[in-house]
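# Survey of secondary and tertiary structure
Residues per chain, in single letters:
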Amino acid sequence: MQRVQTVGLTILVTIMAVQGLGCAADPGSEARALPAAAAVDSDRLLGAESEPGNWMSYGRTYSEQRFSPLDQIREENVGDLGLAWSFDLETKRGVEATPIVVDGVMYTTSAWSIVHALDARTGTKLWTYDPKVAKDKSKHACCDVVNRGVAVYEGQVFFGALDGRLIALDAATGRVNWSVATVDPKLPYTITGAPRVIDGKVFIGNGGAEYGVRGFIAAYDVSNGERLWQFFTVPGEPAKGFENETMRMAAETWNGEWWKLGGGGGTVWDAMAYDPELDLLYIGVGNGTPWNQEIRSPGGGDNLFLSSIVALRPDTGEYVWHYQTTPGESWDYTATQHIILADMEIEGRTRKVLMQAPKNGFFYVIDRTDGELLSANNYIPITWATHVDMQTGRPVEAEGARYLDKTFLLMPSYLGGHNWHPMSYNPQTGLVYIPVLDIPASYAQPQEGFVYRPGVSNLGIDGVIAGLPDKQAERDALRPLITGRLLAWDPKTQKEAWRVEYNGPWNGGTLTTAGNLVFQGTADAKFVAYRASDGEALWEFPTQTGVVAPAMTYELDGEQYVTVNVGWGGAFALVFGEYIQPESMPNVSRVLTFKLGSKGTLPEVDWKPVVAFNPPEQIASDEVVDEGQSLYQDICNGCHGLNAVSGLLIPDLRGSALLHDQNGWNDVVLGGALRERGMASFAEQVDEKQSAALRAYVISQAIRGKRVQEERAQQ
Ligand code: CA
């Protein structure tokens, strides 16, 4: 660490000399030399705990605790926190990134994988890099065109573009040093996660398991992007031979011909953590393709390494151990959720633990040396399992949970009890702060059988049953069941410590600090500071848009700053239009930075979430409308919303003028006329007759929506 500081200082002095600046420069002067950009190396990353003023990697340190030792802002004075600066991100989709701050420079991303470097003191833009992802790539993005941030190392900024490129930028200028395709661009892979760097290697996985891909993580040389190793999470077609013994072992746990249905899934789209002492890289593995195991692997099997935490050697990608949270996954129960490492005294022994609250609703404490399960308990109400058997380490499933014969009301839903929004662990309180979702969903076998459609969503469940009831009274009755909370969880006792209930789900990730604070943005457009020990709300700021990203904190010139990216979006925002709180909308994407004593304000936003219904008369038969509904719920609702109710990140189809114009509708759905605006052509999946059925279904929902709107206006 000392070496780097010396190098940084040398460069700083050189820059100052070139610019003619003396050390006695006017402290109020705008012109100010910055040290060498992103001068982070392995020693600094390993020693990140001792540099609380910087936030040098996604979860601050390799342990990914998202705990900051900074305590200038604390429970006693957080009421004086105010807006120091804001930066407009100029995109209108979900913002999920955690900014990185190194030596006074902030690096963050917005939607469409656009990277910004900002002066961390003022928010002044240093550079922006737009990888110009083709807008119709959104067709393969299950959960919005989001990006969760960058990694920095030795003067470079690394990020994954939505279309699967891994790109290295010069941290000083934002110019491209190298760019590699990490996936076959023809396949429906995407990248939304943040890379991590360990010892000169940059690691990135991908998403796409809803569509049909074979998941993997790979390591790349930071100097040129050369791929050094690749670890697949699910086996390929056995007749083609296995890449290694681990894949041979995994294949023993599969049945059927999963490779013909898109490749098995198991994408590594978010969580990674690293223990330098054990030299283990931990990854979280996602769901299967399709979700329904009866179709994917008929007759069962654990289907390794779906829904597993896997420990790998970062140098070689060699498998070391795994723990599977959901054997035979059949519900989109990913284990890609945030992984936190900590050392914790359990029953008188200090254990090196790994903690995860994956989608399936159980909180796991695992010995990270060997994968032994230490404890597990459900952190939300669940219906699919009764408990985890501590002898076998396996969940005990509830009768009917696999929805083989009849519809099963699943809790948590496919969005999970906890999704990608990072949790945090405060070693001073001993608590984990989890942004919890509490949403039910109905699962059933597809009535008409399963059709695999390459390039679009292939879930293998009945999309109509998984959708919303037609009667508005029934939809309204569901509203209080679709909720969320901030949950403070004691991992030692596996019990709740306190909670803050919210009016809806999909609130932001959390940050906790040594000031006895927890920061969280909310779906109803607030940024809130809570007392970490008891959950009392101490301060809030109106953000004008729903917040999904986690906050971070840093220190410069003796002042502590707290930053949160705001901008509503993500899977819930797209799919659950019926239940989105009006306060979440519109999307106003910004970086907001706070410090004590500041009093900044934001310009007013004037926006009302109203859909203008003007549907034509319905001339299609009930059969055609039903066909359209089934097709819509299979392949359209991921972006346009369940039952054609949009979350308004993208226009609501029920208000479309094209409902009056079948030819114009076909130009869009089949011809790709709105490709540049993010609506891809679906000509490979949908024929003209099906396109007409889709339009008929949306007309039926526009007529329905208009009626509900008029009834509400009369009340
Ligand atoms: Ca998924």
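## Regarding the overall build of the protein chain
The number of helices and strands found in the protein chain is 10 helices and 37 strands. Relative to the globule expectation of 27 Å for 715 residues, the C-alpha radius of gyration of the protein chain, 25 Å, shows essentially globular dimensions. The buried share of the protein chain, taken over its 715 residues, is 64%. Put simply, of all contacts in the protein chain between residues at least 6 apart along the chain, 63% involve residues at least 24 apart. Total accessible area on the protein chain stands at roughly 26200 Å², and carbon and sulfur atoms take up 50% of it. Across the protein chain, the mean location of the 58 positive side-chain charges is 2 Å away from that of the 87 negative side-chain charges.

## A look at the nonpolar core
Core analysis: the largest hydrophobic core is formed by 100 residues, its most contacted members being Tyr107, Ile217, Ile283 and Phe519. No other element matches strand β13 (residues 216–221), which puts 5 residues into this core. Residues contacting Ile217, with those up to four places away along its chain left out, are Phe203, Ile204, Gly205, Trp229, Gln230, Phe231, Val268, Met272, Leu281, Ile283 and Leu312. Core analysis: the second largest hydrophobic core is formed by 74 residues, Ala342, Tyr379, Phe408 and Tyr425 among them.

## Quick look at the packing of aromatic side chains
Enumeration over the complete set of coordinates arrives at 35 aromatic pairs. Ring centres 5.7 Å apart and planes at 65° place the aromatic pair Phe216 and Phe232 in the edge-to-face group. One end of the pair, Phe216, is in strand β13; the other, Phe232, is in strand β14 (residues 227–232), with 16 residues separating them in the sequence. When the centroid spacing of 5.2 Å and the interplanar angle of 50° are considered together, the rings of Trp331 and Trp384 count as tilted. You can see Trp331 sitting in the loop between β18 (319–324) and β19 (339–346) and its partner Trp384 sitting in the loop between β22 (373–378) and β23 (385–389), a full 53 residues away along the chain. One aromatic cluster is present, built from ring pairs that chain together Trp291, Tyr403, Tyr414, Tyr443, Trp506, Trp568, Phe572 and Phe576. The ring of Tyr58 has Arg66 lying over it, and the distance from NZ or CZ to the ring centre is 4.5 Å. Lying across the ring of Phe232, Arg214 places its NZ or CZ 3.7 Å from the centre.

## Overview of the coordination of the calcium ion
Donor atoms from the polypeptide that bind the calcium ion are Glu210 (OE), Glu210 (OE), Asn287 (OD1), Asp332 (OD) and Asp332 (OD), placed at 2.4 to 3.1 Å. Taken in sequence order, the residues that donate to the calcium ion follow the motif E-x76-N-x44-D. Here Asp332 lies in the loop between β18 and β19 and Asn287 lies in the loop between β16 (280–284) and α4 (293–296), a separation of 45 residues in the sequence. Assigned by exposure class, Asn287 and Asp332 land together as buried.

## A look at helix α9 (residues 662–669)
Counting buried residues in α9 gives 6 out of 8 residues, a clear majority hidden from the surface. Among all positions in α9, only Gln662, Gly664, Trp665, Asn666, Val668 and Val669 are buried. On its buried side, α9 packs onto α10 (688–714). At the N-terminal end of α9, a side-chain oxygen is found 3.2 Å from the backbone nitrogen of Asn663, two or three residues along, and the residue is Asp661.

## Regarding the state of the cysteines
Tallied over the full model, the rule gives 1 disulfide. The disulfide bridge from Cys142 ends at Cys143, spanning 2.3 Å between sulfur atoms. The sign of the -105° torsion about the S-S bond sets the Cys142-Cys143 disulfide as left-handed. A disulfide-free cysteine, Cys636 has its sulfur positioned 9.0 Å from the sulfur of Cys639, the nearest such atom.

## Quick notes on the pairing of β22
Summarising the sheet, strand β21 (residues 362–367) and β22 pair through 5 bridges and their orientation is antiparallel. Looking at the pairing, Phe362 lines up with Asn378 of β22. Connecting the antiparallel pair β21 and β22 is a turn made up of 5 residues, with Gly371 showing a positive phi of about 85°.

## Some remarks on the pattern of salt bridges
Taken as a whole and judged by the stated rule, the model has 44 salt bridges. When the shortest N-O distance is used, the salt bridge between Asp144 and Arg93 registers 2.8 Å. Here Arg93 lies in the loop between β2 (81–88) and β3 (100–102) and Asp144 lies in the loop between β6 (125–129) and β7 (151–153), a separation of 51 residues in the sequence. Judged on exposure class, the residue Asp144 and its partner Arg93 are both buried.

## So, the environment of Gly463
Tracing the chain through its elements places Gly463 in the loop between β28 (441–443) and α5 (472–478). Expressed as a C-alpha distance, the spacing of Gly463 and Ala444, which sit 19 residues apart in the sequence, is 8.5 Å. Beyond its immediate chain neighbours, meaning those up to four positions away, Gly463 contacts Gln633 and Asp634.

About the criteria used
Residues numbered from 1 in each chain as written. Predicted model: local features only at pLDDT ≥ 70, side-chain atom pairs only at ≥ 80, totals over all residues. Heavy atoms only, no water. Helix = DSSP H or I, 4+ residues; strand = E, 2+ residues; numbered from the N terminus. Rg over C-alpha atoms; globule rule 2.2 N^0.38 Å. Buried < 20%, exposed > 50% of the residue type's maximum accessible area, 1.4 Å probe, protein only. Contact = heavy atoms within 4.5 Å. Areas by Shrake-Rupley, 256 points an atom, 1.4 Å probe, with all protein chains shown as cover. Lys, Arg positive; Asp, Glu negative; His and termini not counted. Charge placed at Lys NZ, Arg CZ, Asp CG, Glu CD. Core = buried A, V, L, I, M, F, W, Y, C linked by side-chain atoms within 4.5 Å. Phe/Tyr/Trp six-rings, centres within 6.5 Å; stacked < 30°, edge-to-face > 60°. Lys NZ or Arg CZ within 6 Å of the ring centre and 35° of its normal. Donors = N, O, S within 2.8 Å, 3.2 Å for Na, K, Ca; no water. Polar contact = N/O pair within 3.5 Å; in protein donor to acceptor, adjacent residues only side chain to side chain. Disulfide = S-S within 2.5 Å. Pairing = 2+ DSSP bridges. Salt bridge = Lys/Arg side-chain N within 4 Å of Asp/Glu carboxyl O.

Read these as spatial facts, not as claims about activity.
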